[in-house]
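# Report on the structure
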Amino acid sequence: MSQPVSDGAELIPRPEKSPASLKAALAVVAADRLPEMVEGQTRAMAEAIKSGSVNPIRAFLAHWATVVEIERVPATARAYHRANYLANHAPTVEECRRHATEVAVFYRSAFAAVNG
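The paragraphs below set out a description of the structure included in this document.

So, on to the nonpolar core. In this structure, Leu22, Leu26, Met37, Phe60, Trp64 and Val68 are the most contacted members of the largest nonpolar core, which totals 15 residues. Taken together, the elements giving at least two residues each to this core come down to helix H1 (19-29), helix H2 (34-51) and helix H3 (55-71). Here the element with the most residues in this core is H3; it accounts for six residues. What Phe60 contacts, discounting residues up to four positions off in sequence, is Met37, Gly40, Gln41 and Ala44. Counting residues in each nonpolar core, the second largest holds seven residues, with Ile70, Ala79, Tyr80 and Phe106 among its members.

Bringing H2 into the picture now. Under the 1.5 Å per step criterion, the end-to-end length of H2 is 25 Å for 18 residues, consistent within 8% with the ideal 26 Å. Taken residue by residue, H2 has Met37, Gly40, Ala44 and Ala48 as its buried positions. The buried side chains of H2 occupy one side of the element, clustering within an arc of 70° when seen end-on. Within H2, the exposed residues directed more than 90 degrees away from the buried face are Pro35, Thr42, Arg43, Ile49 and Lys50. As for H2, its buried residues are in contact with H1 and H3. At the C-terminal side of H2, Gly52 shows a positive phi close to 70°.

Attention now moves to the pattern of salt bridges. Evaluation of the coordinates by the stated rule reveals five salt bridges. A salt bridge links Glu10 to Arg72, with the shortest nitrogen-to-oxygen separation between them at 3.0 Å. Here Glu10, found in the segment before H1, pairs with Arg72, found in the loop between H3 and helix H4 (74-88); they are 62 residues apart in sequence, far enough to count as distant. Since its relative accessible area comes to 46%, Glu10 is described here as partly exposed. Among the ionic contacts, a cluster of salt bridges with common partners joins Glu10, Arg14, Glu69 and Arg72.

Each value, and the rule that gives it
- Along each chain, the written sequence defines residue order, and numbers are assigned to residues from 1.
- Owing to the predicted nature of the model, reporting of local features is limited to residues with pLDDT of at least 70; listing and counting of side-chain atom pairs is limited to 80 or more, with chain, interface and lining totals taken over all residues.
- Side-chain measures here rest on the full set of heavy atoms in the structure, leaving out hydrogens and waters.
- The term nonpolar core refers to a set of buried residues drawn from Ala, Val, Leu, Ile, Met, Phe, Trp, Tyr and Cys, joined through side-chain atoms within 4.5 Å.
- Each residue gets one of three labels from its accessible area relative to the maximum for its type: buried under 20%, exposed over 50%, partly exposed in between, using a 1.4 Å probe on protein chains only.
- Every helix listed is a DSSP run of H or I at least four residues long, and every strand listed is a run of E at least two residues long, numbered separately from the N terminus.
- A contact between two residues is defined here by any heavy atoms of the two lying within 4.5 Å.
- One fewer than the residue count of a helix, multiplied by 1.5 Å, yields its expected span.
- Here, the arc refers to the directions that run from the helix axis to the C-beta atoms.
- We define a salt bridge as a side-chain nitrogen of Lys or Arg found within 4 Å of a carboxyl oxygen belonging to Asp or Glu.

Coordinates in, geometry out; function isn't part of it.
Okay, structure coming up:
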């Protein structure tokens, strides 16, 4: 199984875990995902209001900090997206599972780096 890749080259420094900082970082490393982030922020705010809890906002920030962490290191982003593609196009369940596990390893590693 692959391990998270890091060749040391970072496109940007790790941003603060705030909506504005993450949005600015995402605009640099994966601008095509900005609409998805904005939609997620809107859903998180609505759920926070509905539930009376800040947990949906915390989950939103944790997820997008993880996404930015993956995307800000090009080698990691390439390996992550390749594994994700292969998982979605695998000819067998076993191969799909193997690549999906790689995706999970990358995500968990990035999540731990920014939320641990």
